[in-house]
Amino acid sequence: MTSPSAAPTQDVCPLAAWGCRTGLRQPDWRLVSSHDTSDGSVEYCRCTCAALVILHEGELAAFAADHPAQ
């Protein structure tokens, strides 16, 4: 259940819990680099909100956002 002031679920970015602030349901990522490692494929992408998205074998592994304190 959500509070009346909370954004509707369909309007929240699926990465919001990771710190994404794009406000988009499907954030746009730009591939920065990709590497094959002994543990599988790793991709580094830049999110619309300027955060770094790290994928391991196509699955979200990390989300690094540098947001200034508010």
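Every chain is numbered on its own, with residues counted from 1 as its sequence reads. A pLDDT threshold of at least 70 governs which residues receive local features in this predicted model, and a stricter bar of 80 or more applies before side-chain atom pairs are shown or counted, although totals over entire chains, interfaces and linings include all residues. To get the side-chain values, take all heavy atoms of the structure and skip hydrogens and water.

**Some thoughts on the state of the cysteines**
Where we set the bar: Put simply, a disulfide is two cysteine sulfurs that come within 2.5 Å. Accessibility here uses a 1.4 Å probe with only protein chains present; expressed as a share of the type maximum, an area under 20% marks a residue as buried, one over 50% as exposed, and anything in between as partly exposed.
Counted by the stated rule, this structure contains 0 disulfides. This cysteine, Cys45, is not joined by any disulfide, and Cys47 carries the nearest cysteine sulfur, 9.5 Å off. A relative accessible area of 3% places Cys47 in the buried class.

**Some points on the pairing of strand β4 (residues 59-64)**
This is how the line gets drawn: Here a strand pair is declared whenever DSSP counts at least two bridges between the two strands. Helix and strand assignments follow DSSP, with helices taken as H or I runs no shorter than four residues and strands as E runs no shorter than two, numbered in order from the N terminus.
When strand β3 (residues 52-56) meets β4, the two strands line up antiparallel, connected through 5 bridges. When the sheet's bridge partners are listed, Ile54 is paired in β4 with Ala62.

**What about the nonpolar core?**
Here is the rule: Nine residue types can take part in a nonpolar core, namely buried Ala, Val, Leu, Ile, Met, Phe, Trp, Tyr and Cys, and a core is a set of them joined through side-chain atoms within 4.5 Å. Contact between two residues is taken to exist if any of their heavy atoms lie within 4.5 Å; hydrogens are not considered.
Among the nonpolar cores identified, the biggest contains 9 residues, and these are Leu15, Cys20, Cys45, Cys47, Cys49, Ala51, Val53, Leu55 and Phe63. Mapped by element, the contributors of at least two residues to this core are β2 (40-47) and β3. Ignoring any residue separated from it by four or fewer positions in sequence, one finds Phe63 in contact with Leu15, Trp18, Gly19, Cys20, Cys47, Cys49, Ala51, Leu52 and Val53.

**Some details on the pairing of β3**
In β3, alternate side chains face the same way, and those of Val53 and Leu55 are buried while those of Leu52, Ile54 and His56 on the opposite face are not. Relative to β3, β2 runs antiparallel, the two sharing 5 bridges. In the strand pairing of β3, Glu43 is matched with Leu55. What sits between the antiparallel neighbours β2 and β3 is a turn of 4 residues, in which Ala50 has the positive phi angle 80°. Counting the residues between successive antiparallel strands, the hairpin from β3 to β4 contains 2 residues, one of them, Glu57, with a positive phi of roughly 55°.

**Here we look at unusual backbone geometry**
A positive phi is found at Glu57, a non-glycine position, where the angle reads about 55°. Within the element layout of this structure, Glu57 appears in the loop between β3 and β4.

From the geometry alone we can't say anything about function, so treat these as descriptive.
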